[in-house]
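Chain by chain, the residues run as shown.
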Amino acid sequence: PSFLKRVEALGDEFIEELRTIKSSIIVEVRGKGLLIAIELAPKVNVRHVWEELFRAGVLSIKRKNAIGFSPPLNINEHNLLAYGALRIKKVLENI
């Protein structure tokens, strides 16, 4: 149970950090635990966003109009927020 509480808390923190991204291409950030998605505007080239994230060192899941993230459940807070969220933010704010 404490492991799952940690995953939920970390996911909530990650989602809140992603919601601070200032980008007109983001429609919504949603998720549960560490299964998180950023829904993109309909006219956005999702493949391009996915490729830019990959170039920045972020593994993501490409969907029709969203980018998904599913980090390992044992990831530490520093790697998720200081590394992952920061790189995602840099990519999305520059597209």
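Our subject is the structure listed above.
Rules used in this analysis
- Residues numbered from 1 in each chain as written.
- Predicted model: local features only at pLDDT ≥ 70, side-chain atom pairs only at ≥ 80, totals over all residues.
- Heavy atoms only, no water.
- Helix = DSSP H or I, 4+ residues; strand = E, 2+ residues; numbered from the N terminus.
- Rg over C-alpha atoms; globule rule 2.2 N^0.38 Å.
- Expected span 1.5 Å × (residues − 1).
- Buried < 20%, exposed > 50% of the residue type's maximum accessible area, 1.4 Å probe, protein only.
- Arc of directions from axis to C-beta.
- Contact = heavy atoms within 4.5 Å.
- 1 Å grid on protein atoms, 1.4 Å probe; cavity = no way out; pocket = protein on both sides within 12 Å on 5 of 7 lines; lining within 4 Å.
- Points joined across faces, edges and corners; volume = space filled by probe spheres on them.
- Nonpolar A, V, L, I, M, F, W, Y, C, P; charged D, E, K, R; others polar.
- Patch = residues over 30% accessible without salt bridge, like charges linked within 9 Å, V, L, I, M, F, W, Y side chains within 5 Å.
- Areas by Shrake-Rupley, 256 points an atom, 1.4 Å probe, with all protein chains shown as cover.
- Salt bridge = Lys/Arg side-chain N within 4 Å of Asp/Glu carboxyl O.
- Pairing = 2+ DSSP bridges.

Before we move on, could you go through the overall build of the protein and cite the residues and values that matter?
Counting its secondary structure elements, the protein contains 3 helices and 4 strands. Mapped in sequence order, the helices and strands of the protein form the string α-β-β-α-β-β-α. Its C-alpha radius of gyration of 13 Å places the protein within 12% of the 12 Å reference for a compact globule of 95 residues. On the principal axes, the C-alpha backbone points of the protein span a range of 40 × 20 × 20 Å.

Give a detailed account of helix α1 (residues 2–18), specifying residues and quantitative values.
For α1, built from 17 residues, the straight-helix expectation of 24 Å at 1.5 Å per residue is met to within 8% by its first-to-last C-alpha distance of 24 Å. All of the buried residues in α1 are Val7, Leu10, Gly11, Phe14, Ile15 and Leu18. Down the axis, α1 shows its buried residues gathered within 135° of arc, on one side only. Turned more than 90 degrees from where α1 packs its buried face, Ser2 and Lys5 sit exposed. Elements that come into contact with the buried residues of α1 comprise β1 (26–32), β2 (35–40), β4 (66–69) and α3 (77–93).

Describe in detail the layout of surface pockets, supporting the description with residues and values.
In this structure, the largest pocket occupies an estimated 220 Å³ of space. Val58, Leu59, Phe69, Pro71 and Gly84 are, among the 15 residues lining the largest pocket, the residues nearest its centre. Here the lining of the largest pocket takes 5 residues from α3, the largest share from any one element. Its residues assigned to classes, the lining of the largest pocket shows 11 nonpolar, 4 polar and no charged.

Talk me through a nonpolar patch on the surface; I want residue IDs and the actual numbers.
Taken together, the side chains of Phe3, Leu4 and Leu73 present a nonpolar region at the surface, about 290 Å² in accessible area. With respect to the secondary-structure elements, Leu73 resides in the loop between β4 and α3.

Describe the pairing of β1, listing the residues and the values that go with them.
Two faces make up the sheet, and in a regular strand the side chains alternate between them. Bridging between β1 and β2 involves 6 bridges; their strand directions are antiparallel. What sits directly across from Val29, in β2, is Ile38. Where β1 folds back on β2, the antiparallel hairpin that results is connected by 2 residues, among which Gly33 adopts a positive phi of roughly 60°.

So what's going on with α3? Which residues, and what values?
Each α-helix turn comprises 3.6 residues. Residues three or four places apart therefore point the same way. In a regular helix each residue adds 1.5 Å, so 17 residues correspond to 24 Å; α3 covers 22 Å between its end C-alpha atoms and thus fits that length. Listing the buried residues of α3 in full gives Leu80, Leu81, Gly84, Ala85, Ile88, Val91 and Leu92. Lining the buried residues of α3 we find α1, β1, β2, α2 (46–55) and β4.

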